[in-house]
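So you can see what is in the structure, the chains are spelled out below.
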Amino acid sequence: MSNVEQLALRQANAEAKYGPTEKVRALVVDHFPALGKLSALRFVEWAQQNKGWTISLPTGKTPEHFIKCVSHLLASWKTPETVRTLEDAGIDPSNKPDMRSFHFVQIDEFYPINSWQHNSFYDYVNKFYIDGFGLDPARAMLINPNEIGLYEGEELDEIWPGQVVDLTLRTRPPKTAIEDKQKRVLDAVDQFASDYEARIRELGGIGFFLGGIGPDGHIGFNVRGADHYSTTRLCETNYETQAAAASDLGGIEVSRRRLVITIGLQTITHSPQTTAIIIAAGEAKAHVVKAAIESEMCNQVPASILQKLENASFYITRGGAKHLTERKHLELVGKTELSELDKALLVTDVALTLNKNLTSLSEADIKTHRSGPAFLKKMGQDLQSLLQATMANYADLIRSGLEPVRDQVFLHTAPHHDDIMLAYLPYLVRLMREQSNDHYFNYLTSGFNAVTNSFMLGQLKNARYFLEGREFGRLVDEDYFAPKDSVKRDNDVYRYLDGLAANDKFMKREGQSRRFLRCLNELYGDNSQSALTERLLTLETYFQSQYPGKKDSTDIQQLKGMVREWEADVLWGYYGFLSHSVIHSRLGFYKGDIFTEEPEVDRDVLPVVQTLKRVNPTIVTVALDPEGSGPDTHYKVLQAISSALKIYVQESGRSDIQVWGYRNVWYRYHPTEANLFVPVTFNGMAILNDSFLNSFHSQADASFPSYDHDGPFSGLARQIQVEQYQFMKTVLGQDFFYQNPDSRIRSARGFVYLKAMGLDEFHQWSRTLRETTESSS
């Protein structure tokens, strides 16, 4: 191992590989910025020792801190601070790497995509690596789709209408003039890929490879099932990869059509001397990390190919290492005393793995777990009493989820507009029925990234149709669309809901168009029929001319955000709440950049403080992610809320506030992590799906879906709730549900998990994440 890696392991008091399960090295760091710093230091160390070889570096959000750290080190190489950083990492500060000597190899690219688009990887690597690191453009091997197979004057959109590539042209003759061109370009792309591969091998293979790992375990675009002997090629992807790429490309409807040009697994591992590092942050990647490190080499686990390289490593956060077998075992063995949570976690995992209820587990069952024998020695009590106590605790948590909650003021907070409902709407409906409770809904970002241009074109068409009518002319003359008139804003919602109840599409569309025209008045000051008509035509031209995924101007971002805000207003209007109960904060850190800014006190925290002062809540709900991974919007919002609560408590003197942490379709609780289990009936699931599809029209087509579910998020929310019910039915036994005297439990077919905390516990939970992120950054 290198000096950087050896020192990192020594400081962490850890080994690089824990046998027999781990088959490739893994270095674990505390958090996302530390991941970037370690990979940056290792890259610089390698660059000192391998002048003139090839480097291949990743795109996307994962390398944010790697890019920032390398750029900082190179720009401040001789400063005392950087010299100290290098020396502490075992790097010679007298030898600055000659960055212009390296051959840069682009890992992959979507196809077809214009290279001048800001969401092309070609644009990314030029901006952050060629320019950012000071590499020599003449030595860079790049994938520029606009230069592959096109004659002078030809455009990609002309060759591939709709960005659809027909791969059958590889094996059949063309039938039309356009297919003649397509076959010629397709043949050229295939030849380009072969030549690209040959050039890499002429240079001795890839010297330094740094990559992320996809939701299906892919590296590069070598998706699950890829041949370990694959080379550079044009190929299709799978659903998980398309879903992950949807936000980059402007929607799943775009990413489904796109092919990719990617280097192969054999390309990466061609040279036995290659240094290959995979970086992964967060619990969401823990399962694919475990498979890559612990499985045998197989096509279903693309990253397992790295096991054949002597200089391969995984750099992962603690969340990413969560499921590594031997490390979990050593963590348990190293404890002098097991906590109640430790005990519940292990016996629950055994029950779920063996598909047995808790009280039927035996010592032999426990010993099937890697840590089972050590656990039995350390647990400090009779096994059956532990199992019965764990089972009783789960039953109590379910019953607590049925207890009435009264005389509370709720402030439901969310990073995005559908987070609250997807996480716990079935429970929230019950809470709203109790008239002694007050509810406020605070959306911290405007959510414009989730609205496609095609959806906006539909909104424009709808608004134009109604604006041309006599009724809308009268409304314009009456100043109906005054943006600050809360009564008329609520009337927009009621108009839509009346149409929904009557199954009247015309009335629903009219309500939508009223709010849309009100947004134009607020945003642009257009308050006459002629001005609004002209504005709609201008916006139509704009959306028709923008490529999917392009960053919008600030006013368009705000308009798209207003569409999301309208959808949230409709949702809570569904349940009788007026617009004054729905607060749209539009925090400034959310700008649509690939690397999201950190929250600032004046811009992002104080608005939340003002909301807390206005509402004076007794219960605040927050999206509680398991690991703060820098670019994640959920975590940035958590930072802002945590800081705001501290300020509010200091100023108000209150300490009676509870925080309820929720997770929705992106992150899930293990049963031992939650302490409020809410049964969900078929009715609750139906309400969730119905209100989602009728409120969040921009999300109904699932343009930006989860890689876990091909469809609207309401379907995934139901899937998760049912899975959580199955967990409980397994550990408690089906008779607990089928024979329960409480009909609310008998009728349950899903569960919502929440974590209720006092302020001290919440701040303790968030403090370490916030402070380590800030200090490392």
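Residues numbered from 1 in each chain as written. Predicted model: local features only at pLDDT ≥ 70, side-chain atom pairs only at ≥ 80, totals over all residues. Heavy atoms only, no water.

1. Notes on the overall build of the protein
No. 1: Across its full length, the protein carries 30 helices and 16 strands.
No. 2: A compact globule built from 777 residues would reach a C-alpha radius of gyration of about 28 Å, and the protein, at 28 Å, matches this within 12%.
No. 3: Each principal axis of the C-alpha atoms in the protein carries an extent, and together these give about 75 × 70 × 60 Å.
No. 4: A burial count over the protein gives 58% of its 777 residues as buried.
No. 5: For the protein, long-range pairs separated by at least 24 residues make up 78% of all intrachain contacts whose partners lie at least 6 apart in sequence.
No. 6: Total accessible area computed for the protein in this model is approximately 31200 Å², and 48% of it derives from carbon and sulfur atoms. (Helix = DSSP H or I, 4+ residues; strand = E, 2+ residues; numbered from the N terminus. Rg over C-alpha atoms; globule rule 2.2 N^0.38 Å. Buried < 20%, exposed > 50% of the residue type's maximum accessible area, 1.4 Å probe, protein only. Contact = heavy atoms within 4.5 Å. Areas by Shrake-Rupley, 256 points an atom, 1.4 Å probe, with all protein chains shown as cover.)

2. Digging into the confidence of the model for the protein
No. 1: Overall, the prediction assigns the protein a mean pLDDT of 94, with 98% of residues at 70 or greater.
No. 2: Per-residue pLDDT stays below 50 along residues 772-777; that stretch engages in ten contacts with residues further than four places along the chain or on separate chains. (pLDDT = per-residue confidence, 0-100.)

3. Comments concerning empty space enclosed by the protein
No. 1: Enumeration according to the criterion identifies five cavities of 30 Å³ or more in this entry.
No. 2: Of the pockets and cavities examined, the largest cavity occupies roughly 110 Å³.
No. 3: Lining the largest cavity are 14 residues; nearest its centre among them are Ala 423, Arg 663, Asn 664, Ile 720 and Gln 724.
No. 4: Counting residues per element, the ones that place at least two in the lining of the largest cavity are helix H17 (419-433), helix H27 (713-732) and strand S16 (750-758).
No. 5: Residue contributions to the lining of the largest cavity peak at four residues, all from H27.
No. 6: Here the lining of the largest cavity is built from residues that sort into nine nonpolar, three polar and two charged. (1 Å grid on protein atoms, 1.4 Å probe; cavity = no way out; pocket = protein on both sides within 12 Å on 5 of 7 lines; lining within 4 Å. Points joined across faces, edges and corners; volume = space filled by probe spheres on them. Nonpolar A, V, L, I, M, F, W, Y, C, P; charged D, E, K, R; others polar.)

4. Section: the pattern of salt bridges
No. 1: One pass over the structure, following the stated rule, counts 53 salt bridges.
No. 2: Arg 172 is the partner of Asp 166 in a salt bridge, and the nearest nitrogen-oxygen pair spans 2.8 Å.
No. 3: The residue Glu 326 makes a salt bridge to Arg 370 at a minimum N-O spacing of 2.8 Å. A residue pair is termed long-range when its members are at least 10 positions apart, and Glu 326 in helix H12 (residues 325-333) and Arg 370 in the loop between helix H14 (363-367) and helix H15 (372-378) qualify at 44 residues. (Salt bridge = Lys/Arg side-chain N within 4 Å of Asp/Glu carboxyl O.)

5. Some remarks on the packing of aromatic side chains
No. 1: With the rule as written, the count across this model stands at 40 aromatic pairs.
No. 2: With a centroid separation of 6.2 Å and an interplanar angle of 25 degrees, the aromatic rings of Trp 46 and Trp 53 are classed as stacked.
No. 3: Residue Trp 46 is classed as buried on the basis of its relative accessible area of 2%. (Phe/Tyr/Trp six-rings, centres within 6.5 Å; stacked < 30°, edge-to-face > 60°.)

6. A short note on the pairing of strand S13 (residues 619-623)
No. 1: Taking burial as the measure, the five residues of S13 include five buried ones, the bulk of the element.
No. 2: Residues of S13 alternate between two faces, with Ile 619, Thr 621 and Ala 623 on one and Val 620 and Val 622 on the opposite face, all of them buried.
No. 3: Direction of pairing for strand S10 (residues 409-414) relative to S13: parallel, over a ladder of three bridges. Along S13, the bridge assignment pairs His 412 with Thr 621. (Pairing = 2+ DSSP bridges.)

7. Some words on the layout of surface pockets
No. 1: Reported here for the second largest pocket is a volume of approximately 280 Å³.
No. 2: Taken together, 15 residues form the lining of the second largest pocket, with Arg 489, Glu 522, Glu 565, His 584 and Arg 586 sitting closest to its centre.
No. 3: Elements with a contribution of two residues or more to the lining of the second largest pocket: helix H20 (486-501), helix H21 (505-524), helix H23 (554-574) and strand S12 (582-584).
No. 4: In terms of residue count, the dominant contributor to the lining of the second largest pocket is H23 (four residues).

8. Points about the packing of H20 against H23
No. 1: Following both chains from N to C, one finds H20 and H23 inclined at 65 degrees, their axes separated by 10 Å at the closest point. With respect to each other, H20 and H23 are oriented roughly perpendicular. Note that H20 runs across H23; the crossing there is right-handed. The residues of H23 that touch H20, namely those facing Arg 489, Asp 492, Val 493, Tyr 496, Leu 497 and Leu 500, are Trp 566, Asp 569, Val 570, Gly 573 and Tyr 574. (Axes fitted to C-alpha atoms, helices over the stretch in contact; angles between N-to-C directions. Parallel < 35°, antiparallel > 145°, perpendicular 65-115°, else oblique. Left-handed = near helix turned anticlockwise from the far one by under 90°.)

9. Thoughts on the sheet that holds strand S8 (residues 275-280)
No. 1: Spatially, the six strands line up as an open sheet ordered S1-S9-S8-S5-S2-S3, and their pairing is parallel. In this open sheet, the two strands that pair with only one neighbour each are strand S1 (25-29) and strand S3 (103-104).
No. 2: Direction of pairing for strand S2 (residues 54-56) relative to strand S5 (residues 208-211): parallel, over a ladder of two bridges. Directly across from Ser 56, in S5, lies its bridge partner Phe 209.
No. 3: Contacts from helix H11 (residues 286-294) reach S1, S8 and strand S9 (311-317) within the one sheet, and its direction differs from that of S9 by about 155 degrees.

10. Comments concerning H23
No. 1: Here H23 is 21 residues long and its end C-alpha atoms lie 30 Å apart, about the 30 Å a rise of 1.5 Å per residue gives.
No. 2: The element H23 is extensively covered by neighbouring structure, given that 17 of its 21 residues are classed as buried.
No. 3: Gly 576 sits one or two residues past H23 and shows a positive phi near 90 degrees. (Expected span 1.5 Å × (residues − 1).)

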